[in-house]
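# Observations on the model geometry
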Amino acid sequence: MADTLVHVQQLQKSFVKNEKAELVLKDISMEIKKGETVAVLGKSGCGKSTLLNLIGGFHEPTKGTVLFDGAEVQGPSRRAIMLFQHYALLPWKNVLANVELALEPEGLSADEQRARAEKYLALVGLQDSLGQFPSELSGGMQQRVAIARALAIQPEMILMDEPFAALDTFTRYYLQDELLRIQQEEKTNIVLVTHDIDEAVYLADRVFIMDANPGRIRRTVPIELPKPRDRSDRDFQYYRRLILDEFNFSRQEEQLEYNI
Ligand SMILES: Nc1ncnc2c1ncn2[C@@H]1O[C@H](COP(=O)(O)OP(=O)(O)OP(=O)(O)O)[C@@H](O)[C@H]1O
């Protein structure tokens, strides 16, 4: 369909462990529409990162297919960039050089490359930190460099694996707001793997809730609230509660491992 960017069809993934094939993902089917932000929530080990890696072409499916803009994903592409929890910046390069390095395959002139890197660093508010090195930056600033580096490639989709999990609550809220603002400006698709129910309800248009052993999608929850959202609003609490109930947290049967 014209408005579908990612189409996951009957996806299965097994890994060999102790000489036995272990089914990690079973029969995953989902669509991500152009311009959408989706979140994937589930218990630790249910296969969220594996699903993200399959969508990004970093793993090969055991069965099934992933279509990106109608074509089968057969490997990583610069149209879908992965953003990790631990920034992955080169410590010996300054902020500007870290972003410029990611642009080398684009074949831009030196001036164009610099202008593009500066544009996206300004977009994340780091225009005054171009010459600083990663060790001189806070975790939140390092993640902003990583976001600028991903955006500078101008991908259609950014795959985020718990991008703010290493940050304190205030920095996390701040970066969630930044991400929302940037996403609305750039219209980049975002697939967000998170443990943070609040983060999923705040950012996502739809939340995919996964079950474990083997990993599968149990329920899809559309978050029908205008953005930016108010975390203290009753409707926000409604969705938060609905998702908490999916995980039986209200009955305290599960060990709490989420940021709520
Ligand atoms: N490359 C691999 N080789 C073998 N097993 C793997 C590999 N990658 C993941 N697994 C296994 O697949 C299962 C799902 O892992 P995955 O990292 O996708 O889960 P997750 O839901 O992202 O977990 P977490 O929330 O803890 O990051 C786990 O049992 C893990 O050990």
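Quick caveat, the model's predicted, so the values are computed rather than measured.

With that settled, the discussion passes to the overall build of the protein. Looking only at helices and strands, the protein features 7 helices and 10 strands. Compactness check: the protein gives a C-alpha radius of gyration of 19 Å against a globular reference of 18 Å for 260 residues, within 12% of the reference. Principal-axis analysis of the C-alpha atoms places the extent of the protein at approximately 55 × 40 × 40 Å. Of all 260 residues assigned to the protein, the portion counted as buried reaches 37%. Partitioning the contacts of the protein with sequence separation of at least 6, the portion at a separation of at least 24 is 68%.

Quick look at the site of the ligand now. Taken together, F15, K17, V24, G42, S44, G45, C46, G47, K48, S49 and T50 make up all the residues around the ligand. Among the secondary structure elements, those contributing two or more residues to the shell around the ligand are β1 (4–17) and α1 (48–55). The greatest single-element share of the shell around the ligand, amounting to 3 residues, is contributed by α1. Along the lines of polarity and charge, the residues of the shell around the ligand split into 3 nonpolar, 6 polar and 2 charged.

This next bit is on the UniProt feature "domain: ABC transporter" (unreviewed entry) in the protein. Residues annotated in UniProt with the feature "domain: ABC transporter" (unreviewed entry) correspond here to residues 6–237. Taken as a whole, residues 6–237 contains 32% helix and 29% strand, while its terminal C-alpha atoms sit 29 Å from one another.

Sheet architecture is open: 4 strands sit in the order β2-β1-β4-β5, paired in antiparallel fashion. Only two strands of the sheet have a single partner each, and these edge strands are β2 (20–33) and β5 (71–72). As defined by bridge partners, β1 adjoins β2 across 10 bridges and the pair is classed as antiparallel. Counted as the bridge partner of F15 is E22 from β2.

On to the packing of helix α2 (residues 95–103) against helix α4 (residues 139–152), then. Packed helix pairs are characterised by how far apart their axes lie and by the angle those axes make with each other. Between α2 and α4, the least distance of the axes is 9 Å, while the angle of their chain directions is 30°. The angle between the axes of α2 and α4 places the two elements in the roughly parallel class. Two packed elements cross with a definite hand, and for α2 against α4 that hand is right-handed. For the pair α2 and α4, contact is made by V95, N98, V99, A102 and L103 and by V145, A148, R149 and A152, respectively. Residues that form the contact of α2 with α4 fall into these classes: 7 nonpolar, 1 polar and 1 charged.

This paragraph deals with the sheet that holds strand β6 (residues 80–83). One open sheet holds the 6 strands; their spatial order is β6-β7-β8-β3-β9-β10, and the pairing between them is mixed. Sheet topology places β6 and β10 (216–222) at the edges, where each strand pairs with a single neighbour. Strand-to-strand, the axes of this sheet are offset by a mean angle of 20°, without reference to chain direction. As paired elements, strand β9 (residues 206–211) and β10 share 6 bridges and run antiparallel to each other. Bridging across to β10, V207 finds its partner in V221.

As a packed pair, α2 and helix α3 (residues 110–123) sit with axes 9 Å apart at the nearest point and diverge in direction by 120°. When the axes of α2 and α3 are compared, the pair comes out oblique. For the element pair α2 and α3, the recorded crossing hand is right-handed. In contact with V95, L96, V99, E100 and L103 of α2, α3 contributes Q113, R114, R116, A117, Y120 and L121. Of the residues in the contact of α2 with α3, the class split is 7 nonpolar, 1 polar and 3 charged.

In this sheet, strand β4 (residues 63–68) lies alongside β1 in antiparallel orientation, the contact comprising 5 bridges. Of the residues in β4, the one forming a bridge with Q9 is T65. The sheet contact formed by β4 and β5 spans 2 bridges and is antiparallel. Each residue of the ladder has a partner; that of L67, found in β5, is E72. Counting the residues in the hairpin turn of β4 and β5 gives 2 residues, including D69, whose phi is positive at 50°.

Parameters and conventions
- Residues numbered from 1 in each chain as written.
- Predicted model: local features only at pLDDT ≥ 70, side-chain atom pairs only at ≥ 80, totals over all residues.
- Helix = DSSP H or I, 4+ residues; strand = E, 2+ residues; numbered from the N terminus.
- Rg over C-alpha atoms; globule rule 2.2 N^0.38 Å.
- Buried ≥ 20, exposed ≤ 12 C-beta atoms within 10 Å, placed from the backbone.
- Contact = placed C-beta atoms within 7 Å.
- Near = placed C-beta within 6 Å.
- Nonpolar A, V, L, I, M, F, W, Y, C, P; charged D, E, K, R; others polar.
- UniProt positions renumbered as here; feature names shortened; annotations may be inferred.
- Pairing = 2+ DSSP bridges.
- Axes fitted to C-alpha atoms, helices over the stretch in contact; angles between N-to-C directions.
- Parallel < 35°, antiparallel > 145°, perpendicular 65-115°, else oblique.
- Left-handed = near helix turned anticlockwise from the far one by under 90°.

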